[in-house]
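Descriptive structure summary
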Amino acid sequence: MTDAILDGLHQAMTSPWVYLAIFALAALDGFFPAVPSETAVITAGVYAASGAPDPIPVIVVAAAGAFAGDHVSYLIGRTAGTRLLRRLKPGGRKRAAFGWAERALAARGGLLLVVARYIPGGRTAATITMGAVRFPMRAFSLFDAVAAISWAVYSTMVGLVGGMAFERDPFRGLLLGLGIALTVTVMTEIVRHVRQRGNRRGNRRGDIPETDTRESTPISG
């Protein structure tokens, strides 16, 4: 069974169509988070350690797909974001993700796009929220280009590390690559959770400087 899966993956990864597939998955993941685009890019990186596919085109198409998908999500937010947010169940995970995106956008601006790449559900929430609040398109595109390229390089390099560590066993290389990505995601979530708890404690004690209140001011063009 495992050999059949590996043979299928090898055929897929050595096909010239793999680049189009990676582009499509990265784009769809921008507005349909169930698509495993990061897994696809990591897998391509694992096999790239053996010579095919070429890691540079993988990075290029993954970044281009992510950039295109994020702009679709941004436009969805710009046209229907308010109605979409109203339909989300209060207290639900999706509503909480959009609430986080709103607060992070007010505090960090366009850097939210880079941070959201490594938070589960954060990418779509960030792009739709930025569209809904009419974040300037030019600034959105600039920050999103940085986010998309950094994500593509990171995912491909994680796969390459796994592929080089287990060059003769791509399955173990894939497991290592996915494990590294999962560890980074978990650590990011832990840091975010700890910082949120610290901010809540500071607010209860009333020791937040007045200058910090400006972080909650919505960003305008």
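Residues numbered from 1 in each chain as written. Predicted model: local features only at pLDDT ≥ 70, side-chain atom pairs only at ≥ 80, totals over all residues. Heavy atoms only, no water.

**Some words on the packing of helix 3 (residues 37-48) against helix 8 (residues 137-165)**
Two elements in contact, helix 3 and helix 8, have axes whose closest approach is 6 Å; the angle formed by their N-to-C orientations is 45°. Comparing the axis directions of helix 3 and helix 8 gives the class oblique. Seen from above, helix 3 lies across helix 8 with right-handed handedness. Contact with helix 3, carried on its side by Ser37, Glu38, Val41, Ile42, Gly45, Val46 and Ala48, involves Trp151, Ala152, Tyr154, Ser155, Thr156, Val158, Gly159, Leu160 and Gly163 of helix 8 and no other residues of that element. Its residues assigned to classes, the contact of helix 3 with helix 8 comprises nine nonpolar, six polar and one charged. (Axes fitted to C-alpha atoms, helices over the stretch in contact; angles between N-to-C directions. Helix = DSSP H or I, 4+ residues; strand = E, 2+ residues; numbered from the N terminus. Parallel < 35°, antiparallel > 145°, perpendicular 65-115°, else oblique. Left-handed = near helix turned anticlockwise from the far one by under 90°. Contact = heavy atoms within 4.5 Å. Nonpolar A, V, L, I, M, F, W, Y, C, P; charged D, E, K, R; others polar.)

**Things to note about the pattern of salt bridges**
Tallied over the full model, the rule gives five salt bridges. With a closest N to O distance of 2.0 Å, Asp70 and Arg117 form a salt bridge. Linking Asp70 in helix 4 (residues 55-87) with Arg117 in the loop between helix 6 (111-116) and helix 7 (122-132), this pair joins segments that are 47 residues apart in sequence. Arg117 matches Asp70 in its accessibility class, with the two residues each being buried. A single salt-bridge network, built from bridges that share partners, covers Asp29, Asp70, Arg117, Arg123 and Asp144. (Salt bridge = Lys/Arg side-chain N within 4 Å of Asp/Glu carboxyl O. Buried < 20%, exposed > 50% of the residue type's maximum accessible area, 1.4 Å probe, protein only.)

**Some remarks on the side chain of Thr156**
Locating Thr156 in the fold gives a position in helix 8. According to the relative accessible area criterion, Thr156 is buried, its value standing at 0%. With sequence-adjacent residues up to four places away left out, Thr156 is seen in contact with Val41, Gly45, Pro55, Val58 and Ile59.

**Notes on unusual backbone geometry**
For the bond from Ala52 to Pro53, the omega torsion is 5°, close enough to zero to count as cis. Along the polypeptide, Pro53 turns up in the loop between helix 3 and helix 4. One non-glycine residue, Arg134, lies in positive phi territory at about 65°. Here Arg134 lies in the loop between helix 7 and helix 8. Given the relative accessible area of 44%, Arg134 is considered partly exposed.

**Here we look at the environment of Tyr47**
With respect to the helices and strands, Tyr47 occurs in helix 3. Tyr47 sits 116 residues away from Gly163 along the chain, and the two C-alpha atoms are 6.3 Å apart.

**Some words on the UniProt feature "transmembrane region" (unreviewed entry) in the protein chain**
Here the UniProt feature "transmembrane region" (unreviewed entry) sits at residues 17-36, 56-77, 142-165 and 171-191. Counting secondary structure, residues 142-165 comes out at 100% helix and 0% strand; the distance between its end C-alpha atoms is 35 Å. Taken end to end, residues 171-191 has its terminal C-alpha atoms 30 Å apart, with 100% of it in helix and 0% in strand. (UniProt positions renumbered as here; feature names shortened; annotations may be inferred.)

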